[in-house]
Amino acid sequence: MTTNIPAPIAPGSTLGIVGGGQLGRMTAVAAAELGYAVHIFTPEENSPASKVAARTYVADYDDDDAIKAFGESVDVITFEFENIPAETVKKLSASAPVRPCYNCLAIGQDRVKEKTFAADLGIETAPWEIVKSADDLREALKIIGTPSILKTTTLGYDGKGQVRLRADTDPSEAWDALGGNVGILEGFVDFTMEISVITARRPSGAMATFDVVENRHKNGILDVTIAPADISSALAEDACAIGQKLAEAMDMVGLLAVELFVTKDGHLLMNEMAPRPHNSGHWTQDGCSTSQYEQFVRAVTGLPLGTTQRHSDVVMKNLIGDDINDWANIVKNPDDKLHLYGKSEARAGRKMGHINRLYAKGSQPKGWL
Ligand code: AMP
């Protein structure tokens, strides 16, 4: 029997990661534990990932020589964020397999593509309309109404690129506040909970999904993740099925994180997805035998996936900006696992690290709640 499944990329090979942030850093550490070397490509000098990698190529995404040198120095290439120009991905593909493929990044980069892709699979989202001008916004408001949120279609993260609209908001001002980008107007969801689910998929199509978690945000930035989410097993199964359906339909190799709203009547609406490790998966580092980072490395190299079983309940707390100054107190608590990203400057709103607070499995997490 012939098969198209590529052979695994063996330990001892080199994993290339595009992007130098904390997700790349934690992936690099997990890769090292499995015996891989890691090379980073990033425009940023002194990035968190570069501090734990064997080699870093610091260059812009349109620097052809650097892209070629990086591509030729690695055996497989992945990404720690999705906003990579299509042309760069195409050039990288000439040197080594790129996982996940560009199509997955393209869907994850653009809210319109993402929501259309989900809708085609029968996955519900909040109602939305595309908006390209202040006049479009006035028309969209007639359909969507208020409260609603105007979001940029690309490059939005941590609540950036979003304008909330109320009944008394002037549409022209809201449009100007978005900065002239193409946007979508999205109906405001009066959710009971925000949850997320992370699915890993190998080149063979085999998948493994971590437990569904609850996410609480502050000022648009993830504050706390509670693992597991306190939801019915039926709802958790629905969320896992959505993650797997999306990963399969995209023919994704790697990790897919899907954020969902739980509505008052117990429905799931997809908010957004990311084809990479996710902030809401940090808890797996200390709550599961296989972390999302190890799973990511296993998936993109084609190794068998590890168990996603949870051995502890976890509350993950992001350390934003000055929160990091409390590190000396945090390390005093033996149940708190401190993870810092090696960033030198603690700017406001910047993710500096996180804490995983462990609880016996089945005990309801308390602490920060
Ligand atoms: P996003 O960048 O789309 O993930 O939005 C950041 C956060 O804003 C989400 O995690 C929610 O807390 C909130 N948010 C985004 N879209 C909506 C919506 N349609 N209804 C209610 N809250 C939202």
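If you're wondering where the values come from, they're calculated on a predicted model, not measured in any experiment.

This next bit is on the site of the ligand. As a matter of local geometry, the ligand sits amid 16 residues, with K151, E186, V189, E194 and E272 nearest to it. Separating an oxygen atom of the ligand from a side-chain N or O atom of R111 is a distance of 3.1 Å. Here an oxygen atom of the ligand and a side-chain polar atom of H217 are 3.3 Å apart. Expressed as a share of its isolated accessible area of 470 Å², the protein-covered part of the ligand is 95%.

With respect to the element layout, E114 can be found in helix α5 (residues 111-120). Assessed through its relative accessible area of 2%, E114 is described here as buried. Sequence separation of E114 and C104 is 10 residues, and the distance between their C-alpha atoms is 9.6 Å. Excluding residues within four positions of it along the chain, E114 makes contact with I107, G108, M270, N271, E272 and M273.

We now examine the pattern of salt bridges. Pairing between side chains of opposite charge can happen when the charged atoms of each approach one another. Applying the stated criterion across every chain yields a total of 19 salt bridges. A salt bridge links D168 to R166; the shortest N-O distance between them is 3.3 Å. Classification of D168 by relative accessible area gives exposed; the value is 58%. For R166, a relative accessible area of 54% puts it in the exposed group. With a closest N to O distance of 2.7 Å, D223 and K317 form a salt bridge. A residue pair is termed long-range when its members are at least 10 positions apart, and D223 in strand β12 (residues 221-227) and K317 in strand β15 (residues 312-320) qualify at 94 residues. Each of the two residues, D223 as well as K317, counts as buried. It is possible to trace a salt-bridge network through shared partners that takes in K115, K151 and E186.

The subject of this paragraph is the domain arrangement of the chain. Parsing the chain into structural domains produces domain 1 (14-108), domain 2 (127-187) and domain 3 (191-359). Each of domain 1 and domain 2 has a C-alpha centre, and the two are 33 Å apart.

Glancing now at helix α3 (residues 86-93). Within α3, burial applies to T88, V89 and L92. Here the buried residues of α3 occupy an arc of 100° about the axis, which is enough to place them on one side. For α3, the secondary structure elements touched by its buried residues are β1 (14-18), α2 (64-72), β4 (76-79) and α4 (102-109).

What counts and how
Residues numbered from 1 in each chain as written. Predicted model: local features only at pLDDT ≥ 70, side-chain atom pairs only at ≥ 80, totals over all residues. Heavy atoms only, no water. Near = heavy atom within 4 Å. Polar contact = N/O pair within 3.5 Å; in protein donor to acceptor, adjacent residues only side chain to side chain. Areas by Shrake-Rupley, 256 points an atom, 1.4 Å probe, with all protein chains shown as cover. Helix = DSSP H or I, 4+ residues; strand = E, 2+ residues; numbered from the N terminus. Buried < 20%, exposed > 50% of the residue type's maximum accessible area, 1.4 Å probe, protein only. Contact = heavy atoms within 4.5 Å. Salt bridge = Lys/Arg side-chain N within 4 Å of Asp/Glu carboxyl O. Domains from an automatic or database assignment. Arc of directions from axis to C-beta.

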